[in-house]
Amino acid sequence: MKWPILKGKTLVLGITGSIATYRAADLTRALKKEGVDVHIVMTKNSCQFITPLTMQVLSENPVRVELFDLKSEEIGHIATARMADVLVVAPATANIMAKAAHGIADDYLSTILLAATSPVLFCPAMNPAMYHHPATQENIRILKNRGNFVLEPEAGSVVCGEEGKGRFPPIERIIHEIAYILTPKTLKGKKVLISAGPTREFFDPVRFISNPSSGKMGFALAGVACLRGAAVHLVSGPVTLEPPPGVQVYNVVSAKDMYDAVMSLAPNMDVIIMAAAVGDYRPEKVMSSKIKKKLSKVEISLVQNPDILASIGANKRDNQVVVGFAAETDNLLENAEKKLRKKRLDFIVANDVTKPGCGFFYDTNQVKILMPGGKVEEVPRMSKQEVADKIIDLVEKTLKSKKSDE
Ligand code: PMT
C-alpha cells in the first residue's frame, strides 16, 4: 500500500463525458488497490464513453446515473453526497464545472455537488481552447475561491491533435492530490529537512565508491511530511526517483556536498531526519584523468568524511527534533544505541540491512525505533510509506513533548 491515509476512506467519483472518461476506470482500480470504498456517479454523457456496468464491476458498488430512482427508498443524492470523505470529479468537463460554479443541479452529479459537505476535487480534461476559455477559467476561479480543489491538467498533445493544456493527469498525481486533501495538516508551519539516497566519492573522473541506497526511504519520509503540511527540504544524493510534489529538492553528489547543503539549512529547521546513506570514507586523492587499465593493481587510500549527523547533534537547539537512521549488519540494537547517544538524537531508526525486504532498495522496510530512555518500538515489515508514517507520527509526538517542556 502506497498511501496509508486512503485505506478505508469512502470516495464518491463523479464521471463526466470526455475522451478521457475511460481513465476513470484506471483511477477506480488504483483507488481500490489502496483500500478505498469507491461509489460512482456518472453523467448520461459519460455513459457514451464507458458503460455503468464496467464501472460497477470495477468499483464493486452500484453506479448512479438517474436522479429519480423509484426503486430506492432513500433520497439517493443527499445520501450519496453525505457518505463521501471526499468527492472527486474525474474527468471534469467544462460543463460540469460551469454547473457547479453556478449552482445548477439538473442531474445526479450536479445535484450531489450542490449537496456535498466533504472536500471536492475537480480534475479537468478537455480541449486546450475550451480549458483556456475565459468562461472556464472564471468558473475554476469561482470553484477554488469556494474552497474546492482543482488539479491542473497536463500540457501536451490532446486526442483531437491540438497541443496545449488539457490532458487528463497521471493517475498517481490524482491519488497524491486526494491523499493531500484527506491528510490533516498536523505539521503546518513546521520546516522539515530530510536527507536521502547515497553519496558518490569519486577517485577519478569516471569512477566512484558508493552504496546501494535508492532514496526510497528518504523520499517516502519527505512525501509524508509534505502531506501533513510541512515545508519540506529534501537533500538527495544521486537517485532516479521523482520527488514528491511540493517538496524543495537539493541535489548533491558527495558526502562533502551533502554536508554543505544540510549544514546551511539545518539552523532554520524544526525537524531534521538523516535517512541518507552517507559515505563514511572518500578517496584521499582524486585523479584528474581516468586511471588506465594497464596497471595490474591500484591502491586507493581512503580518508574519513565529516559526520553530518554528529555535527547537527552537537549544534542542535532544545526545540529541534533530530532523527538518525542506523544501517547495520550485526548487533543492531547495540550499534544503533551507540549512534543515538553519540550523535545526541531524539530517536534512531535501526535497520538490519541483511534481512530480505528490509533496508537498501526494497519498497518495504522493517525497523526498530530506539528512544533515549531505552524504549524500543518494533515496526514490522511494511511499505516504506507506512514506515515513514510511523516515523513522522513519532516526530510529531516528540515535537509536542518539547513544546510542553518549554
Ligand atoms: O534509500 P533506500 O534504498 O530506501 O534505503 C534506505 C536506507 C537503508 C539507506 C535507510 O533506511 C538507512 O538506513 N539510512 C542510513 C544509512 C547509514 O548511513 O547508516 P549509518 O549507520 O552508516 O549512519 C548513521 C546515521 O548517520 C545515518 O542517519 C546517516 O545518515 C548519518 N551519517 C552517516 C555518515 C556520515 N558521514 N554522516 C552522517 O550524517
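Residues numbered from 1 in each chain as written. Predicted model: local features only at pLDDT ≥ 70, side-chain atom pairs only at ≥ 80, totals over all residues. Heavy atoms only, no water.

Chemist: I keep staring at helix 8 (residues 171-182) and nothing clicks. Help me out?
Modeler: It helps to recall that an α-helix has 3.6 residues per turn; residues three or four apart then point in one direction. With 12 residues, helix 8 extends 17 Å from end C-alpha to end C-alpha; this agrees with the ideal 16 Å at 1.5 Å per step. What helix 8 keeps buried is the set Ile171, Ile174, Ile175, His176, Glu177, Ile178, Ala179, Ile181 and Leu182. On its buried face, helix 8 is in contact with strand 1 (10-15), helix 1 (23-33), strand 3 (86-92), strand 4 (120-124), strand 5 (149-150) and helix 9 (216-227). (Helix = DSSP H or I, 4+ residues; strand = E, 2+ residues; numbered from the N terminus. Expected span 1.5 Å × (residues − 1). Buried < 20%, exposed > 50% of the residue type's maximum accessible area, 1.4 Å probe, protein only. Contact = heavy atoms within 4.5 Å.)

Chemist: Which parts of the structure should I look at to understand the site of the ligand?
Modeler: Near the ligand lie 27 residues; those nearest to it are Ser213, Ser214, Lys339, Asn351 and Phe361. A distance of 2.5 Å is found between an oxygen atom of the ligand and a side-chain nitrogen or oxygen belonging to lysine 339. At 2.6 Å from an oxygen atom of the ligand is found a main-chain nitrogen or oxygen belonging to phenylalanine 361. In isolation the ligand has 770 Å² of accessible area, and contact with the protein removes 96% of it. When atoms are counted within 2 Å of each cavity's grid points, the one that captures over half of the ligand is the largest pocket. Mapped onto the shell around the ligand, the elements with two or more residues apiece are helix 9, helix 11 (308-314) and strand 16 (321-328). Its residues placed into classes, the shell around the ligand shows 14 nonpolar, seven polar and six charged. (Near = heavy atom within 4 Å. Polar contact = N/O pair within 3.5 Å; in protein donor to acceptor, adjacent residues only side chain to side chain. Areas by Shrake-Rupley, 256 points an atom, 1.4 Å probe, with all protein chains shown as cover. 1 Å grid on protein atoms, 1.4 Å probe; cavity = no way out; pocket = protein on both sides within 12 Å on 5 of 7 lines; lining within 4 Å. Sits in = over half its atoms within 2 Å of the grid points. Nonpolar A, V, L, I, M, F, W, Y, C, P; charged D, E, K, R; others polar.)

Chemist: Would you explain a nonpolar patch on the surface in this entry?
Modeler: On the surface, Ile209, Tyr281, Leu295, Val298, Ile300 and Leu302 cluster together into a nonpolar patch covering about 500 Å² of accessible area. Along the chain, the position of isoleucine 209 falls in strand 10 (residues 207-209). (Patch = residues over 30% accessible without salt bridge, like charges linked within 9 Å, V, L, I, M, F, W, Y side chains within 5 Å. Salt bridge = Lys/Arg side-chain N within 4 Å of Asp/Glu carboxyl O.)

Chemist: In this structure, what is going on with the environment of methionine 287? I would like to understand it.
Modeler: On the secondary structure map, methionine 287 appears in the loop between strand 14 (281-283) and strand 15 (302-304). Judged by its relative accessible area of 39%, methionine 287 is partly exposed. When the C-alpha positions of methionine 287 and glutamine 48 are compared, they lie 66 Å apart, and in sequence the two are 239 residues distant. The residues contacting methionine 287, other than those within four sequence positions of it, are Phe203, Asp204 and Pro205.

Chemist: Got a minute to help me understand the layout of surface pockets in this structure?
Modeler: Where empty space is left can be seen by rolling a probe of water-molecule size over the atoms. In this structure, the largest pocket spans a volume of roughly 920 Å³. For the largest pocket, the lining is made up of 39 residues, of which Ala276, Ala277, Val278, Phe325 and Ala327 are closest to its centre. Residue assignment for the lining of the largest pocket shows that the elements contributing at least two residues are helix 9, helix 11, strand 16 and helix 12 (332-342). Of the residues that constitute the lining of the largest pocket, the class distribution is 17 nonpolar, 14 polar and eight charged. Roughly 790 Å³ of volume is contained in the second largest pocket. As for the second largest pocket, its lining consists of 29 residues, and the residues nearest its centre are Lys2, Trp3, Glu172, Pro244 and Gln385. When residues of the lining of the second largest pocket are traced back to their parent elements, those giving at least two are helix 8, helix 9 and helix 13 (384-405). It is helix 9 that provides the largest number of residues to the lining of the second largest pocket, a total of six residues. Per-class residue counts for the lining of the second largest pocket are 13 nonpolar, six polar and 10 charged. Looking at the lining of the second largest pocket, you find at least three residues from each of domain 1 (4-182) and domain 2 (191-284 + 299-405). (Points joined across faces, edges and corners; volume = space filled by probe spheres on them. Domains from an automatic or database assignment.)

Chemist: Explain the nonpolar core to me, please; I cannot follow it from the model alone.
Modeler: Core analysis: the biggest nonpolar cluster contains 36 residues, and Ile194, Leu221, Ile273, Phe347 and Ile391 have the highest contact counts within it. Each residue touching isoleucine 194, except ones within four places of it in the same chain, is listed here: Gly218, Leu221, Ala222, Ala225, Val232, His233, Leu234, Val235 and Ile273. Core analysis: the next-biggest nonpolar cluster, separate from the first, contains 35 residues, Ala25, Leu31, Ile178 and Leu227 among them. (Core = buried A, V, L, I, M, F, W, Y, C linked by side-chain atoms within 4.5 Å.)

Chemist: How should the pattern of salt bridges be read in this particular structure?
Modeler: Any two side chains of opposite charge can pair, so long as their charged atoms come close to each other. The full count for this structure, using the stated rule, is 21 salt bridges. Across the salt bridge formed by aspartate 106 and lysine 99, the nearest N and O atoms sit 2.7 Å from each other. For glutamate 299, the salt bridge is made with lysine 297, and the minimal N-O distance between the two is 3.4 Å. Using a relative accessible area of 67% as the deciding quantity, one classes glutamate 299 as exposed. What emerges from the salt-bridge pattern is a single network uniting Arg228, Asp389, Asp393 and Glu396.

Chemist: Would you take a moment to explain the pairing of strand 8 (residues 191-196) for this structure?
Modeler: Looking down a regular strand, the side chains alternate between one sheet face and the other. Buried residues dominate strand 8, accounting for five of its six residues. Sheet topology note: the strand 8/strand 11 (residues 231-236) ladder contains six bridges and is parallel. The residue of strand 11 that forms the bridge with valine 192 is valine 232. By the bridge criterion, four bridges tie strand 8 to strand 13 (residues 271-274) in an arrangement that is parallel. From the neighbouring strand, serine 195 faces strand 13, where its bridge partner is methionine 274. (Pairing = 2+ DSSP bridges.)

Nothing here speaks to function; it is geometry throughout.
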